[in-house]
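# Commentary on secondary and tertiary structure
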Amino acid sequence: VVYEQEGVFIHSSCGKNDDQDSLIPGVLRVIEKENEVIVDWKPVDDTLDTSNILCAGKDSSSVVEWTHTPKEKCSRGADRPSSYEAEWDMVTTVSFKKKPHSNGDAATHANGESKWSFLFSLTDLKSIKQNKEGMGWSYLVFCLKDDVKLPALHFHRGNSKLLIKCLEKHVVLNESPQDKRILLVNSQNKSLSQSFENLFDEPSYGLLQKLKKDPYTVTMGRFSKVTNYIFDSFRLSDPSTQRRPPSEMADFLNDAIPGLKINQQEEPGFEVITRIDLGKQPEVTRREPVSAEEWAKNMDSEGRILNVDYIKRLIFKGGLCHTLRKEAWKYLLGYFPWNSTKEERANLQKRKTDEYFRMKLQWKSVSEEQEKRNSRLRDYRSLIEKDVNRTDRTNKFYEGEDNPGLILLHDILMTYCMYDFDLGYVQGMSDLLSPVLYVMENEVDAFWCFVSYMDQMHQNFEEQMQGMKTQLIQLSTLLRLLDSGFCSYLESQDSGYLYFCFRWLLIRFKREFSFQDILRLWEVMWTELPCQNFHLLLCCAILESEKQQIMEKHYGFNEILKHINELSMKIDVEYILCKAEAISVQMMNCKELPQAVSEILGIESSSVTPDSDTGEDESGAVLSCPTSLYQSISPPVIAANGTRDSTQQMSDTQSLTPA
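Residues numbered from 1 in each chain as written. Predicted model: local features only at pLDDT ≥ 70, side-chain atom pairs only at ≥ 80, totals over all residues. Heavy atoms only, no water.

### Some remarks on the overall build of the protein
What counts is decided by this rule: In this text, helices come from DSSP runs of H or I with a minimum length of four residues, and strands from runs of E with a minimum of two, each type numbered from the N-terminal end. Whether a residue is buried, partly exposed or exposed follows from its accessible area with a 1.4 Å probe, protein chains only, as a fraction of its type maximum: under 20%, in between, or over 50%, in that order. In this description, contact between two residues means that some pair of their heavy atoms is separated by no more than 4.5 Å. Accessible areas in this description were obtained via Shrake-Rupley with a 1.4 Å probe; residue shielding takes into account the shown protein chains only.
Secondary structure assignment for the protein yields 24 helices and 15 strands. By residue count, 52% of the 659 residues in the protein fall in the buried class. Considering only residue pairs separated by 6 or more positions, the protein has 67% of its internal contacts joining residues 24 or more positions apart. Per element, the accessible surface of the protein, about 31,200 Å² overall, is 47% carbon and sulfur.

### Quick notes on the packing of aromatic side chains
To keep things clear, this is the line we draw: Aromatic rings from Phe, Tyr and Trp, with only the six-membered ring used for Trp, were paired whenever their centres fell within 6.5 Å, and each pair was classed as stacked if the ring planes differed by under 30 degrees, edge-to-face if by over 60, and tilted otherwise. We call a charge positioned above a ring when the Lys NZ or Arg CZ atom is no farther than 6 Å from the ring centre and deviates by at most 35 degrees from the ring normal.
Within the structure shown, the criterion is met by 23 aromatic pairs. For the ring pair Phe120 and Phe142, a centre distance of 5.2 Å and an interplane angle of 55° mean the geometry is tilted. With a gap of 22 residues between them, Phe120 in strand E7 (residues 118–121) and Phe142 in strand E9 (residues 138–144) connect regions that are remote in the sequence. When sorted by exposure, Phe120 lands in the same class as Phe142, which is buried. Every member of this aromatic cluster is reached through a ring pair, and the members are Tyr356, Phe357, Tyr416, Tyr419, Phe447, Trp448 and Phe450. Lys352 extends its terminal NZ or CZ atom over the ring of Trp448, reaching a point 4.1 Å from the ring centre.

### As for the nonpolar core
Operational definition: We call a set of buried Ala, Val, Leu, Ile, Met, Phe, Trp, Tyr and Cys residues a nonpolar core when their side-chain atoms join them within 4.5 Å. Domain boundaries shown here were taken from an automatic or database domain assignment.
Ranked by internal contacts, the top residues of the largest apolar core, which has 122 residues, are Met429, Phe509 and Met587. Domain assignment of the residues forming this core places at least three in each of domain 2 (341–456) and domain 3 (466–601). When near neighbours in sequence (up to four residues on either side) are disregarded, Phe509 contacts Trp504, Ile518, Leu521, Met525, His535, Leu538, Cys539 and Ile542. If you look at the next biggest cluster of nonpolar residues, it comprises 29 residues, including Ile24, Leu125, Ile128 and Phe142.

### As for the sheet that holds strand E12 (residues 182–186)
Going by this rule: Strands are treated as partners if at least two bridges between them are detected by DSSP. The convention used is that axes are lines fitted to C-alpha atoms, helices contributing only their stretch in contact, and that angles between N-to-C directions extend from 0 to 180 degrees.
The antiparallel open sheet is built from 9 strands, whose spatial order is E7-E3-E2-E1-E10-E9-E8-E12-E11. Every other strand in the sheet has two partners, leaving E7 and strand E11 (172–175) as the edge strands with one partner each. Averaged over all adjacent pairs, the angle separating strand axes in this sheet is 30°, with direction ignored. With respect to the sheet, helix H2 (residues 160–167) is in contact with strand E1 (3–12), strand E2 (22–33), strand E3 (36–43), strand E8 (125–130), E9, strand E10 (153–155), E11 and E12, its orientation differing from that of E9 by roughly 35°.

### Quick word on the confidence of the model for the protein
Definition in use: Looking at any residue, its pLDDT shows the predictor's confidence there, from 0 to 100.
The pLDDT averaged across the protein works out to 74; a share of 64% of its residues lies at or above 70. Across residues 46–114, where pLDDT falls below 50, the model places 131 contacts with residues more than four positions away in sequence or in other chains. Predicted confidence is poor over residues 187–273, with pLDDT under 50, and the contacts of this stretch with residues over four places away or in other chains come to 195 contacts.

### Topic: the pairing of E12
With burial as the criterion, only one face of E12 is covered, namely that bearing Leu183 and Val185; the residues Ile182, Leu184 and Asn186 on the opposite face remain uncovered. Where E8 meets E12, 3 bridges bridge the pair, whose relative direction is antiparallel. Bridged to Ile128 within E12 is Leu183. Summarising the sheet, E11 and E12 pair through 4 bridges and their orientation is antiparallel. By the bridge assignment for E12, Asn174 is matched with Leu184. Linking two consecutive strands that pair antiparallel, namely E11 and E12, is a turn of 6 residues.

### Points about unusual backbone geometry
Residues other than glycine predominantly adopt negative phi, and peptide bonds predominantly adopt the trans conformation. Residue Pro530 is bonded to the preceding Leu529 through a cis peptide linkage, with omega at -5°. Residue placement: Pro530 occurs in the loop between helix H19 (515–526) and helix H20 (534–552). Despite not being glycine, Glu441 has its phi angle at roughly 55°, a positive value. With respect to the helices and strands, the residue Glu441 is situated in the loop between helix H14 (429–440) and helix H15 (443–461). Positive phi, normally seen in glycine, also occurs at Met465, with a value near 55°. With respect to the helices and strands, the residue Met465 is situated in the loop between H15 and helix H16 (466–482).

### Some words on the pattern of salt bridges
Selection rule: Throughout this description, the term salt bridge denotes a Lys or Arg side-chain nitrogen within 4 Å of a carboxyl oxygen of Asp or Glu.
Under the counting rule described, the total for this entry stands at 27 salt bridges. The partner of Glu523 in a salt bridge is Arg520, with the nearest N and O atoms 3.0 Å apart. You can see Glu523 and its partner Arg520 sitting in helix H19, 3 residues apart, about one turn around the helix. Judged by its relative accessible area of 13%, Arg520 is buried. Each of Arg286, Arg325, Arg520, Glu523 and Glu574 takes part in one network of salt bridges that share partners.

### Points about helix H17 (residues 484–492)
Short version of the rule: Under the rule applied, a polar contact is a pair of N or O atoms within 3.5 Å (in protein, one hydrogen donor and one hydrogen acceptor; residues adjacent in sequence only if both atoms are side-chain atoms).
Regarding H17, the residues found buried are Ser484, Phe486, Cys487, Tyr489 and Leu490. Those residues of H17 hidden inside the fold are in contact with H16, H20 and helix H21 (557–565). N-capping of H17 is provided by Asp483, with a side-chain oxygen placed 3.3 Å from the backbone N of Gly485. Backbone geometry just after H17 places Asp494 at a positive phi near 60°.

### Looking at the environment of His156
With respect to the helices and strands, His156 occurs in the loop between E10 and H2. Sequence separation between His156 and Pro25 is 131 residues; the distance between their C-alpha atoms is 9.3 Å. Excluding residues within four positions of it along the chain, His156 makes contact with Gly7, Phe9, His11, Leu23 and Trp137. Within the local environment of His156, its side chain forms a polar contact with the side chain of His11, the two groups lying 3.0 Å apart.

Here you go:
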């Protein structure tokens, strides 16, 4: 019993006078039972006039019906279960219908006394109507999904709001746009429509509570467990159920993240398939990382970057040598302006250092007593400490329990809560910070680079998860254009919503690649080349690489989730970068690219796609790129097929251009 309230009355119209109600006192409870939550009301007065009392009777199909009870004992009463619990355990509130007055067909208990008792499962609740404020006792009217309204419950001792709060732990209640007194129920999945910090919990009463408490451990480490939770939710307690009804999973996932609508048909029964020939994917090569010498050659005497587009293209094609990352990442993340001088950057760092330590002092100076009265700060600290303790220790920078790196990680995240108190800390942010801190080796620089990174990523961590919704929809659009057959297969396996990519998008592949590989992947993505949302094309590249195995082995929903989850630390970062770039060239060369795809990739429909071989556009203008820097080295390159070619020069790099 998670809620219990006495003094909850039904005002029946069985008084002696027509304008007088009979008050029937009772106890209202909310009860957790295995896979469901029950709302239960029982009267406490056994001296009721049994005429006109509603009670539950079951017909041969086990459908619960409301009947009027005559004063006489019913002839079938002895055949009914003698226990109240036994009677109601047979149903989970299937359907409620108003039944006309019948002769003697009513439910009685062993003592022959009829009750106004009723109960229902929250899965059958459609809406709750509240009374107008200031109009006598507060009351609630429960309306079930078949539009049957249960008797109004009047709270003579108040506390109806406590019941609403209790129910909101299990279902989503939204005000009706037509009537603010009516709360509409959306019980499909409260947790996934909120921040990912409310994703998973141990099972207690169904999917809603299973997707709540500890997202980090499950989402990051064992995401495939989602499968069992979802299946169990639909199968309930029937182990013999082997297959869900068609489209049931799609309906569930659509409600799980409100606003996520993928490939919805305008006309039921018809599907319009538009196949666009993208042509063959070009072979793409990569170069060696940008060296300190190349970086220095592209800087003037005052420390300005001479050709920003060119240096970005170099980074996109090969990444950075590690010694350059500490400086170059500050530009890529927006901490340093690209056109700033060395002196301007030194002044900026001085100002930012003062600002950082002022914010750090704010939370450092909070006493234990003050923190006890600040629940948000207390919660932020608790989440941060938990995440910091789970930091990937494979890198020496974070080895050991009392490692200085871990202490800095904690302090920077706490200071970020002061910087953006509204967003605060959400589990997973430490994954984005740890590589940045490792590269910067400086608390202040790491903080401001992290702030810039969070400016890009904050929508992933907001309560409504708008960023995640948008990215999943965009990814589906791109994948459908790239391979509609694979998309159709995924949809046939209830996987068309691409939830197995959730972890990839949430923390930008942090858990899919080794620590060193993620440094390379992130710096390439931060160039914002060759188009917007290149990370979505990386997803497409990984999925296309796994398509053959998924389809040939006929993987279902369970197997797809498991297979994708087990790719972690097994993906070749250079191969995937080549493949994703090839997909981008393939799409940008398409003359019939759909408008939706153009918008996702940031390609203006009127713009001309550069020729990937000649480095010229159709107007004949050669893309500006100082080729002398390429000619100064002849590095081995890596092809999309994973082989190395030590003879091929990097002339194709010149064709890259910002979107």
